[in-house]
Amino acid sequence: MSKPRRPDPSPYLHLLEQLKACFPMPVSNPVMDGYFVHTLSRFLDRVDDLKSGVPLLGPSSRVPYENLMQERFPEKRRTVEEVTRLLVEYCQDMPIWAHPNAQVNVVPATTIPSITAFVAAAIYNPNIISDAYSARFATAEMQTVAMTADLIGYDPQQAGGVFTFSGTGTNFYGCKLGIEKVLGGRAMEEGIREDVKIISSAASHYSRLNVSGWLGVGMRNLVTIPTTPDNDMSLPHLEECLRRAFDAGEKVGVIIATMGTTDAFGLDDLGAIVRLRDQLAREYGLEQPPHIHADAVIGWVWSVFRDYDFAANPLGFHGRTLKALEDSLKRLGDLALADSLGIDFHKTGYAPYVSSLFLVKDRRDLALLSRHPKEMPYLYQVGSYHPGIYTLECSRPGSGALAAYANIRLLGKEGYRVLIGHNVEMAEMLRQRLEAHPSIRVVNHRNFGSVTLFRVYPPGVEAAAAYRREAGDPAYREQLEAHNFYNRRVFQLIHDRAMRGEGVLLSWTDAHRHADYGGEAGPPIAALKSYILSPWTDLAAVEMVARQVVEVRDQMESER
Ligand SMILES: *Cc1c(COP(=O)(O)O)cnc(C)c1O
């Protein structure tokens, strides 16, 4: 008698076995765990091979964008090794932000612990919608909220906050709170049925446009206050604007104070803005004064200098640096005056994208955002943390929170003081060298971060005088435009050199400001931009910037 035949296993089961090898093992298995580590390590080795003297991973491999749309969803599988090799290709052409000669923008090098935090989140995949799905990643969020509240001067017992999808996201949260407050908490349920103003400066981040458009107050309710030559909000204009609004019975939901503008590191006078708000609220008997949100996504980290001993100067910064830090601190030392603020660890906090924290002075404000207003968020009750009740996101990664937590533990105030102090020190050295040249004008000379904006002028043009006329003299408009063009060419030649490994990668802004005449429609004044954030940027890199500007200018002369 023959044995009953076992049915053949389905063919897919064989494939499933192969696919299991594409995942980290759920149960410890030294062989497969080794395979995972080996895969990552091979990847890193291969990417390392793309490094050279140039501040980019090479070699250049741009594909024409038209070709990209030829891609179709593949039928067949590829191996882990094949895909790893593909991923290496996708790192080609990336700037190396940590490179001493990458002075492009406010994009940081990332620390090893913050990268490890992202890896941890990528493997174990927490979702901080609730602690049930994120366990101790959720506690990292709460601890980071407490530590940053303490850093900037909020009472950690009262403050609250959540990590969100970007600095833009922090502005979303701040403005949403202001709108809810001024509309008596009804907007969530009933929608916005009347005009609500959002006020910010002309140098504030363009995300104000997204926020007002997407939140439904409309861009036409965005009020833009002119800035002073130092890129901060003009207070007389703000007062006039607020009075006009209150006289007309208009609702002002939010004033955004920008604490470190993106291009120039302009700092609004938060203290004066709060005092003005409070005074006008009394004078007009406002039931609900405007919410003040500090867009401190760049400037927050200067708070580490709040308790630096400037007199003893234990870190030994140079005089110019100390002065710059102290001047910045006059505006950044009291962020706690704001009702809420935004912090980007992926900018001046040396964490990977995205790591953005929205912080509120009074965590009860977050109840205004909960989808069932009668139901208080179960905030900080033991064993149940459900921020998903009031966050904009449903799925919310644990990577940003854990990376921020890691960097705070890694660096402490001392480490951040060293990194930021060094950036400012290098930027001051750069300014010194640029200012020494009669044809170069530093155009944010009273903004003291690590960003330097400058313009270069052709021979025979005296920089300081030319810049003054560009800013204020309508009769000089043609020259202004010619000089913009000239600077663009300087930028291009510097860029070409950097790509050959012979210089520093800078960036360009079409309009670091507009000329004073013609209102917001005044002609733009462009500038070259050096943003120093890398701990590897040294005096040699700074001197290279100054030297290459002069050399490129000479080269342009000889080509005329
Ligand atoms: C970068 C920036 C933002 C936007 O932050 P993202 O993280 O890029 O969305 C907002 N405000 C200021 C001042 C910024 O510099």
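Numbers given to residues run from 1 along each chain, matching the order in which its sequence is written. Selection of residues for local features in this predicted model requires a pLDDT of at least 70, selection of side-chain atom pairs for listing and counting requires 80 or more, and totals for whole chains, interfaces and linings are taken over all residues. The side-chain quantities take in all heavy atoms of the structure and omit both hydrogens and water.

**Student:** So, the overall build of the protein: which residues are in play, and what are the values?
**Tutor:** The helix and strand tally for the protein stands at 16 helices and 11 strands. Only C-alpha atoms enter the radius of gyration, while the globule expectation follows 2.2 Å times N to the 0.38, with N the number of residues. A compact globule built from 560 residues should have a C-alpha radius of gyration of about 24 Å, and the protein, at 27 Å, falls within 12% of that. Reported as C-alpha extents along the three principal axes, the dimensions of the protein are approximately 110 × 65 × 55 Å. To be clear on the numbers: accessible area is Shrake-Rupley with a 1.4 Å probe, and residue cover counts the displayed protein chains and nothing else. Summing over all exposed atoms, the protein offers an accessible surface of approximately 27400 Å²; the carbon and sulfur share of this is 56%. Mean positive and mean negative side-chain charge positions of the protein (59 and 66 charges, respectively) differ by 3 Å. Each helix corresponds to a stretch of at least 4 residues labelled H or I by DSSP, and each strand to a stretch of at least 2 residues labelled E; elements are numbered beginning at the N terminus. Note that His is not counted, nor are the chain ends; the positive residues are Lys and Arg, and the negative ones are Asp and Glu. Charge placement uses NZ in Lys and CZ in Arg. For Asp and Glu, CG and CD serve respectively.

**Student:** Describe the sheet that holds strand β10 (residues 507-514), naming the residues involved and giving the relevant values.
**Tutor:** Read from one edge to the other, the open sheet built from four strands follows the order β8-β9-β11-β10, with strand pairing classed as antiparallel. In this open sheet, the two strands that pair with only one neighbour each are β8 (440-442) and β10. Taken pair by pair, the neighbouring strands of this sheet meet at an average axis angle of 40°, ignoring direction. Both β8 and strand β9 (residues 451-456) contribute to a ladder of three bridges, which runs antiparallel. Pairing of Ile440 across the sheet is with Val456, part of β9. In the packing of helix α14 (residues 463-472) onto the sheet, contacts are made with β8, β9, β10 and β11 (524-531), and the angle to β8 comes to roughly 60°. Two strands form a pair only when DSSP identifies at least two bridges running between them. Whenever a helix is involved, its axis is fitted only over the stretch in contact; in every case the axis is a line through C-alpha atoms, and angles between N-to-C directions fall within 0 to 180 degrees. Contacts: residue pairs with any heavy atoms within 4.5 Å of one another.

**Student:** Break down empty space enclosed by the protein for me, citing the residues and quoting the values.
**Tutor:** In this approach the atoms are scanned with a rolling probe the size of a water molecule, which exposes any empty space left behind. Using a grid of 1 Å spacing that covers the protein atoms alone, one calls a set of points a cavity when a 1.4 Å probe fits there but cannot get out, and a pocket when the set is open and has protein on both sides within 12 Å along at least five of seven lines; lining residues are those with an atom within 4 Å of a point. Grid points are joined across faces, edges and corners, and a volume is the space filled by probe spheres set on the points. Tallied over the full model, the rule gives one cavity of 30 Å³ or more. Estimated volume of the largest cavity: approximately 40 Å³. If you go around the largest cavity, the residues you meet are Trp97, Ala102, Val104, Asn105, Val107, Tyr531, Leu533 and Ser534. Counted by class, the lining of the largest cavity contains six nonpolar, two polar and no charged residues. Polar here means any residue outside two lists: the nonpolar Ala, Val, Leu, Ile, Met, Phe, Trp, Tyr, Cys and Pro, and the charged Asp, Glu, Lys and Arg; Gly therefore counts as polar.

**Student:** Please give an account of unusual backbone geometry that cites residues and values.
**Tutor:** Residues Gly58 and Pro59 are joined by a peptide bond in cis, for which omega reads -25°. Counting through the fold element by element, Pro59 comes out in the loop between α2 (30-48) and α3 (65-68). At the junction of Tyr353 and Val354, the peptide bond is cis and its omega measures out at -10° in the coordinates. By secondary structure assignment, the location of Val354 is in the loop between β6 (340-344) and β7 (356-360). Residues other than glycine seldom take positive phi values, yet Ala135 does so here, at roughly 45°. Following the sequence through the fold, Ala135 ends up in helix α6 (residues 135-152). Note on Ala135: relative accessible area 49%, which makes it partly exposed. Positioned with a positive phi, Phe265 is a non-glycine residue whose angle comes to about 60°. Note on classification: 1.4 Å probe, protein chains only; a residue is buried when its accessible area is under 20% of the maximum for its type, exposed when over 50%, partly exposed between these limits.

**Student:** Could you give an account of the pairing of β6, with specific residues and numbers?
**Tutor:** Along any regular strand, the residues point their side chains to alternate faces of the sheet. Counting buried residues in β6 gives five out of five residues, a clear majority hidden from the surface. Neither face of β6 is open: one carries Ser340, Gly342 and Asp344, the other Leu341 and Ile343, and all of them are buried. Bridge count for strand β5 (residues 291-295) against β6 is three bridges, and the pairing is parallel. The residue bridging His293 from the neighbouring strand is Ser340, located in β6. Note on handedness: a clockwise path from strand one over the helix to strand two, with the strands aimed away from the viewer, defines a right-handed crossover. Running through helix α12 (residues 319-332), the crossover from β5 to the neighbouring parallel element β6 is right-handed. Note that β6 and β7 share five bridges and pair antiparallel. Bridged to Gly342 within β7 is Phe358.

**Student:** Go over the pattern of salt bridges, please, and point to the residues and values.
**Tutor:** Salt bridges are counted wherever a side-chain nitrogen of Lys or Arg sits within 4 Å of a carboxyl oxygen of Asp or Glu. What the rule picks out here adds up to 35 salt bridges. Its salt-bridge partner being Lys20, residue Glu17 comes within 2.9 Å of it at the nearest N-O pair. In this pair, Glu17 and Lys20 are both assigned in helix α1 (residues 11-20), three residues apart and thus about one turn of the helix distant. We classify Glu17 as partly exposed; its relative accessible area is 48%. Overall, the relative accessible area of 45% leaves Lys20 in the partly exposed class. Between Arg244 and Glu240 there is a salt bridge; the shortest N-O distance is 3.2 Å. Taken together, the residues Arg244 and Glu240, both in helix α10 (residues 235-247) and four residues apart, mark about one turn of the helix. We classify Arg244 as exposed; its relative accessible area is 52%. Taking relative accessible area as the criterion, Glu240 reaches 45% and is therefore assigned partly exposed. Here the salt bridges do not stand alone but share partners, grouping Asp232, Asp269 and Arg331 into one network.

**Student:** Give a description of the layout of surface pockets that names residues and reports values.
**Tutor:** For the largest pocket, the calculated volume is near 1800 Å³. Forming the walls of the largest pocket are 47 residues, and the residues nearest its centre are Phe43, Leu44, Val47, Thr110 and Ile115. For the lining of the largest pocket, the elements supplying multiple residues, two or more each, are α2, α4 (80-89), α5 (112-124) and α13 (399-435). Counting residues per element, the lining of the largest pocket draws most heavily on α2, which supplies nine residues. A breakdown of the residues in the lining of the largest pocket according to their chemical character gives 38 nonpolar, seven polar and two charged. Each domain span listed reflects an automatic or database assignment of domains. Taken domain by domain, the makeup of the lining of the largest pocket includes at least three residues from each of domain 1 (13-92) and domain 2 (158-394). By volume, the second largest pocket is sized at about 680 Å³. Lining the second largest pocket we find 24 residues, and of these Ala202, Ala203, Thr227, Arg513 and His514 sit closest to its centre. The element that contributes the greatest number of residues to the lining of the second largest pocket is β10, accounting for five residues. Here the residues of the lining of the second largest pocket are counted per class, giving seven nonpolar, 12 polar and five charged.

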